[in-house]
Structure formats: C-alpha cells, structure tokens
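# Observations on chain architecture
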Amino acid sequence: MREIPMPEMIDERTTEVSGIAADPTVGSMTSPAARLLPALDDDSREFWTAGASGVLRLPFCASCVRWNFPPSLRCQSCEGTAEYRTLSGKGRVFTYTVNHHPFNPEVPVPYLIAIVELVEQDGLRFTTNVVNCSPENIAIGMGVRVLFEKQGDVFVPIFEPDSED
Ligand SMILES: [Zn+2]
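Along each chain, the written sequence defines residue order, and numbers are assigned to residues from 1. Totals for whole chains, interfaces and linings use all residues, but because this is a predicted model, local features are given only for residues with pLDDT of at least 70 and pairs of side-chain atoms are given and counted only at 80 or more.

## Comments concerning the pairing of strand β1 (residues 57-61)
Short version of the rule: Exposed residues have 12 or fewer other C-beta atoms within 10 Å of their own C-beta, buried residues have 20 or more, and partly exposed residues fall in between, where C-beta atoms are placed from the backbone. Segments assigned H or I by DSSP are reported as helices when at least four residues long, segments assigned E as strands when at least two residues long, and all are numbered from the N terminus. For two strands to count as paired, DSSP must find a minimum of two bridges between them.
For β1, the buried fraction is high: four of the five residues fall into the buried class. The pairing of β1 with strand β3 (residues 83-86) spans four bridges and is classified as antiparallel. Along β3, the bridge assignment pairs F60 with E83. Of the strand pairs in this sheet, β1 and strand β2 (residues 66-67) are connected by two bridges, and their pairing is antiparallel. Opposite C61, over in β2, you have R66 as the bridge partner. Where β1 folds back onto β2 in an antiparallel hairpin, the turn is made up of four residues, including V65, whose phi is positive at roughly 55 degrees.

Here is the structure:
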C-alpha cells in the first residue's frame, strides 16, 4: 500500500502534459461551469469530441506502434504521421489525490483528481477526475473506465470504477 499522495504531487508540469483538468479550480462532473475548456486545433479536436460517440481516441503511430499524448498528428517519437484510433477506454489509477479544499464554491468537495494510465501503453497517462467513487474506495492500481462530461462541443474524458475489473 502506497502513501496517499498529497496535492502538490500533481504539479504544474503534470498538468501541462495532460491538458486535462488538474487545475484545482476545475471541479467534478457536478459543476459544468467550473471547467476550463481546451482550445481545439487539428491535433486535438478529435480527442476532445470523440466522446460524442462514447469512445476515447488518440493519434496512433503505426511505425512506432505508439499512442501519442498530448494528442499530436505528428508522432512525438519519429515525427511521422499519426492517425486517430479508438482506445478501449480502460485504465488504472496511477496515483490520485482527494481534494478537500473548496477552491471553487460551486464545486462540492471532496472530489478526486487522478493520474490514469491507459491499458494500451505503459506511461500513457493523463490527469483527470475519477467520479462515481468515494474517496474511501479509490486505490492505486484500481481499474477504471472512461466516461465523458459534455461541455458544449467538448466531451471531457473522466473515469469511473470499472465494474468488470
Ligand atoms: Zn512514430
């Protein structure tokens, strides 16, 4: 059993890499107005909108056999062309923090901020929220599956416990 990480372990660098809501002012699915929405570009648009079809998609480089995150149509390893493919939407909690601080009065606490590693690739991780799970029940290594929080045209990938895990 590892120690529960403190909030400062999810640092600014992690937040930038992920592109997803680790900002402490960004809340759980209960507060649509609180989340900062990403700017969509050609690289990221499909990542942020594929949730309309209920799937998680990322650019995949067939040469490297590598998923690219943050989403980029130019492979971050070989600079070749990556094409969007669908992932299983399954992952594991790599680490997490329980946020008790009411950074935003509209967002009820506590809520869970986690780094989820997708099952498809070691190190394919991003910062997200885990919902439908109490702080007592989340654990490192726990299986999770994606669901989406609709914010206008954007479908933000968040995760919940995977009942099949
Ligand atoms: Zn590549």
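Having seen the structure, we can now continue with the description.
## Regarding unusual backbone geometry
Along the chain, F69 connects to P70 via a cis peptide bond; the corresponding omega equals 0 degrees. Of note, P70 is situated in the loop between β2 and β3. A cis amide bond links V109 with the next residue in sequence, P110, at an omega value of -5 degrees. Mapped onto the fold, P110 is located in the loop between β4 (90-99) and β5 (111-118). Its identity is not glycine, yet E79 carries a phi of approximately 65 degrees, on the positive side. With respect to the secondary-structure elements, E79 resides in the loop between β2 and β3. Phi at N132 takes a positive value of approximately 60 degrees, unusual for a residue other than glycine.

## Focus on the environment of V156
Relative to the elements of secondary structure, V156 occurs in strand β8 (residues 154-161). Exposure remark for V156: the 21 C-beta atoms within 10 Å place this residue in the buried category. In this structure, the C-alpha to C-alpha distance between V156 and T128, residues 28 residues apart in sequence, is 8.9 Å.

## What about the nonpolar core?
Selection criterion: Take the buried Ala, Val, Leu, Ile, Met, Phe, Trp, Tyr and Cys residues, join any whose C-beta atoms are within 7 Å, and the set you get is a nonpolar core. Contacts are defined on C-beta atoms placed from the backbone: any two residues whose C-beta positions lie within 7 Å are in contact.
Among the nonpolar cores identified, the biggest contains 27 residues, and V93, Y96, L112, A114, V116, V130 and F159 are the most heavily contacted of them. Of all the secondary-structure elements, those providing two or more residues to this core are α2 (45-49), β4, β5, β6 (125-130), β7 (143-151) and β8. When residues in this core are grouped by element, the largest group, seven residues, is from β5. With near-sequence residues (within four places) excluded, V93 lies in contact with A114, V116, V130, I138, A139, I140, G141, M142 and V144.

## Some remarks on the sheet that holds β3
Sheet strands pair via backbone hydrogen bonds, and the direction of the pair is either parallel or antiparallel. Strand order in this open sheet of three strands is β2-β1-β3, and the pairing throughout is antiparallel. Either end of the sheet is taken by a strand with one partner, and the two such strands are β2 and β3.

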